[in-house]
Amino acid sequence: MRFGYREICLEHDTGARHPESPDRLRAIRQSLSECDHIEYVAADSAIEAEVTTVHDADYITEVREFCEDGGGNWDADTVAVEETWDAVLASAGLAQWAAKAALESAGGHETPFALGRPPGHHAVEDDAMGFCFINNVAVAAQHVIEQEMADRVAILDWDVHHGNGTQDMFYDREDVFYVSIHEEGLYPGTGGIGETGEGDAELTTLNAPFPAGCGDAEYMAALEEVIGPSLEAFDPDLLLISAGFDAHEHDPISRMVVTTDGYGLMTDFLWELTDELDAGLGFVLEGGYGLETLSDGIKMVHEVFEGHDPPTREWTINDNGRSVIENLKEQGFPSIDPDQN
Ligand SMILES: [Zn+2]
């Protein structure tokens, strides 16, 4: 894979004991140093005029001035230092690079993965929250649409938290399909099954809020039975993955049980799907707070593009997971029955 990376993203210092630390990127880089065919790309930062296509201009000015004044606590867990301003623009720029590279490249070995921080999916139009200042994946999706590189973009968010910011920004947009699989009841509390988009954009938001204890079986069933068919029907030019790795069974902050192989299986499924749809595929880092599980997950994604086939198993889907999937079908999303696989 090609990994978008900038040293400035290490300078966003969140202080001791903050889970969203620069060590996350260091651990990923260390782990990838053992792999073949890793290319790093130091993409350009986004500019303010690009991030204000999805964010309120006054809010962006406020973030810049907050950082210029030395930063501090924006809220209880969203922290900035002076260097954070450069890091947020670099992080958004890496996501833009991933979107463009996904559309321009041949895919496979060249598949882009933006390793930026701070993450982005909780940032809303006019506020920072949940460690996020600028919604990187939203900036990227909007950028390629404005550049007329893509007519329709899908975003699949497998971070364990709901990407409330991304959903809000595109809730009434027919040209952006937002899909999230997340743990029900976790921060920020949004992302119910009934949140499906509004007006003409009805059914261009899909939320699968699984209860604690769900993992590979339930995630793969949701992909195969509802998300895959829905993405196929939407027929995007580009699929961006809001790739958090905090649903991992050993991540310290969630109670989901996705395995490292599970991330490989999802990657493999989505690669095949975008290949069939002739759509670009790119990844943008979100959360993931176990240094080892985070770097193992990203290494697994990379290895899938190197030809590694993660082992499939006989799935038993738990009742809670089955109920979410059936409920999604009742919302009217395109779907198939499990025995059609
Ligand atoms: Zn998360």
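Residues numbered from 1 in each chain as written. Predicted model: local features only at pLDDT ≥ 70, side-chain atom pairs only at ≥ 80, totals over all residues. Heavy atoms only, no water.

1. A short note on the pairing of strand β7 (residues 176-183)
Okay, so step 1: Taking burial as the measure, the 8 residues of β7 include 8 buried ones, the bulk of the element.
Okay, so step 2: Alternating residues of β7 divide into V176, Y178, S180 and H182 and F177, V179, I181 and E183, and every residue in both groups is buried.
Okay, so step 3: Note that strand β6 (residues 153-157) and β7 share 5 bridges and pair parallel. Residue pairing for β7: A154 is matched across the bridge by F177.
Okay, so step 4: Once you follow β6 into helix α6 (residues 164-169) and on to β7, the crossover reads as right-handed.
Okay, so step 5: Alignment of β7 against strand β8 (residues 205-210), held across 6 bridges, turns out to be parallel. Bridge assignment links V179 to a residue of β8, and that residue is L206. (Buried < 20%, exposed > 50% of the residue type's maximum accessible area, 1.4 Å probe, protein only. Helix = DSSP H or I, 4+ residues; strand = E, 2+ residues; numbered from the N terminus. Pairing = 2+ DSSP bridges. Right-handed = clockwise from strand over helix to strand, strands pointing away.)

2. Considering the sheet that holds strand β1 (residues 2-4)
Okay, so step 1: The strand order across the open sheet built from 8 strands is β2-β1-β5-β10-β9-β6-β7-β8, with neighbouring strands paired in parallel fashion. One side of each edge strand has no neighbouring strand; the edge strands of this open sheet are β2 (39-41) and β8. Sheet twist, expressed as the average angle between the axes of neighbouring strands with direction ignored, equals 20°.
Okay, so step 2: Each of β1, β2 and β10 (280-285) is contacted by helix α1 (residues 23-32), which is oriented at about 130° to β10, the strand it contacts most.
Okay, so step 3: Its contacts with the sheet place helix α9 (residues 291-305) against β1, β5 (112-114) and β10, and it is angled at close to 165° to β10. (Axes fitted to C-alpha atoms, helices over the stretch in contact; angles between N-to-C directions. Contact = heavy atoms within 4.5 Å.)

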